[in-house]
Structures are given as structure tokens and as C-alpha cells.
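# Topology and contacts: notes
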Amino acid sequence: MLILLPPSESKATRDRGAPARPHTLSFPELAPARAEVAKALTTVSARPDAASLLGVGPAVAGEVGRNLRLADAPALPARELYTGVLYDALDLASLDAASARRAARRIVVVSALYGAVRPTDRLAPYRLSMGVPLPGPGPLATFWRPHLGPVLASAAGRGLVVDCRSSTYAAAWAPAGELGRRWVQVRVPGATHMAKHTRGLVARALCRTPEDPRRPEALVELLEEEFEVALHKPGRAGRPWTMDVVHRG
């Protein structure tokens, strides 16, 4: 099972520690693409109009400076770097050892800078959204699509793809062919805050179970004790199954 998550806009930082080592990241096939995006991001971030080009508002414009220190800033594991509502609900730090190992295998975060990473990958703090076009790479969702296709399809193997991404990050890769028939998009009615919270809880529940379902229908059986779940078949080819989820808590 592959659980796809978006990154968070907010990111933790650390005052001390070793920098990121790109050659140690998961999915090493993405290294050239990561280097291309990092170079373009550094160039843009040095410009006076960087905040505007990166779509960053005045309240967080200071975070653009992090992009100038990608090579030497203290790195954090992705499970600590990404913060906010979804990651608070996921709460990887509180998982038992077996669940944490499953999280490390099952979770992939789709990133505008790094493409795709695992929770244990050590990353530099940065500010970049998948919705931003960078000079050189261009629109990032379009740039990453051909790079992510082979590596994520391989990571999914014969299991389900449980998609908890926002639409901005979902644009960077869509499962196709036979894998597309095992693609389940998690949908949560209501406000954005509740949607993020519930997706985090769903990802947590799927990391806690040793079961590894191969059919979308089996997800309902795994989640129905904790959530109200309604599964809908794709309306046409190339579209995911949709799973409406409401937490019972």
C-alpha cells in the first residue's frame, strides 16, 4: 500500500545539525530533477521580487530566505519537517515501533522541491509550492509528472494507492493503467481544516494496521470502525475510486 500525502506549507527548522545529503534520499532516480529544481529555486529566491514570483504573502515572505541555504541548513527528517493540521493528526512520533516501520514503507510525501520523499529522509527547510512555475523547470506539477510516474508506480507495486493529496499536488502524478484501478482518493466533506485533519487520521489508521489490502473495497473494512466510509466507483476510465470519510470521534 502506498499512502500519498501533500507536504505542509509550514515547516519546522533546526538551529544545529548536519545539512541534507541529496545522495541519501529515497528514490535516487529523482536526483537530477531535484538538482534542477533546487538550482532554479535558489536563483529565483535571490531576486528582490522573489516572494511575488513564489506566490508567498507578506506574513511569511521571510521564509523565502531558507531557499538560499538548501545546501548548508540543518536538515530534519521529513516526519519532523512537515507540520500543521494533517501532520498533527498523523502524529508519527507517537506510533509504536511496528507502526512506525509501516509508515516509513507506506507513506510518500509529494514535494515541489524533492519530488517524492519518505518520512525518514532528511531534508532542508524550504518554501515552494507545486503550483508555482519556476524559470527553467516551468510549472512544477508538469515538470515532475514524467519523473514521478515510474518511481511511484514501482513503489506502489501490487498494492493500493491511497491518495490524501490536495489537488495542487495530485496534479503532479496520477496512477495509470492497471495501477489506476487500485487508486483511491480520500475525500472529506466540510472545511479545509477538517479535511486535512481527517486525512491525517486516515493515514495514521492505515499505518497502524498490519493488513495490506489489494482491493479498494477492503479499505472500507479496515476503516469503518473509526470512520464513516462511503466508497464510490470511478465515473470513467482514468479516474480514481473516491472514498468519502468522516471521523466518528
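Scroll up to find the structure.
Because the structure is predicted, anything quoted here is derived from the model rather than measured.

Definitions and cut-offs
Residues numbered from 1 in each chain as written. Predicted model: local features only at pLDDT ≥ 70, side-chain atom pairs only at ≥ 80, totals over all residues. Heavy atoms only, no water. Core = buried A, V, L, I, M, F, W, Y, C linked by side-chain atoms within 4.5 Å. Buried < 20%, exposed > 50% of the residue type's maximum accessible area, 1.4 Å probe, protein only. Contact = heavy atoms within 4.5 Å. Helix = DSSP H or I, 4+ residues; strand = E, 2+ residues; numbered from the N terminus. Pairing = 2+ DSSP bridges. Axes fitted to C-alpha atoms, helices over the stretch in contact; angles between N-to-C directions. Polar contact = N/O pair within 3.5 Å; in protein donor to acceptor, adjacent residues only side chain to side chain.

## Notes on the nonpolar core
Membership of the largest hydrophobic core comes to 80 residues, with the highest contact counts inside it found for Leu5, Leu128, Leu134 and Trp144. Not counting the four nearest positions on each side in its chain, Trp144 is found in contact with Leu30, Ala33, Arg34, Val37, Ser111, Ala112, Leu113, Tyr114, Gly115, Met130 and Ala172.

## Considering helix α10 (residues 216–223)
All of the buried residues along α10 are Pro216, Ala218, Leu219, Val220 and Leu223. The elements touched by buried residues of α10 are β8 (161–163), β9 (183–187), α9 (192–208), β10 (227–232) and β11 (241–247).

## Here we look at the sheet that holds β11
With mixed pairing, the seven strands of this open sheet are ordered in space as β4-β3-β1-β8-β9-β11-β10. The sheet terminates laterally at β4 (115–117) and β10, the two strands that pair on one side only. The average undirected angle you get between the axes of adjacent strands in this sheet is 25°. Pairing analysis gives three bridges linking strand β1 (residues 2–5) to β8, with the strands arranged parallel. Across the sheet, Ile3 pairs through a bridge with Val162, a residue of β8.

## Brief notes about the environment of Asp212
Along the chain, Asp212 turns up in the loop between α9 and α10. For the pair Asp212 and Ala155, spaced 57 residues apart in the sequence, the C-alpha separation amounts to 14 Å. If near-sequence neighbours (up to four positions away) are discounted, Asp212 is found in contact with Met1 and Arg106. Polar contacts involving the side chain of Asp212 include one to the main-chain amide nitrogen of Met1, which spans 3.0 Å.

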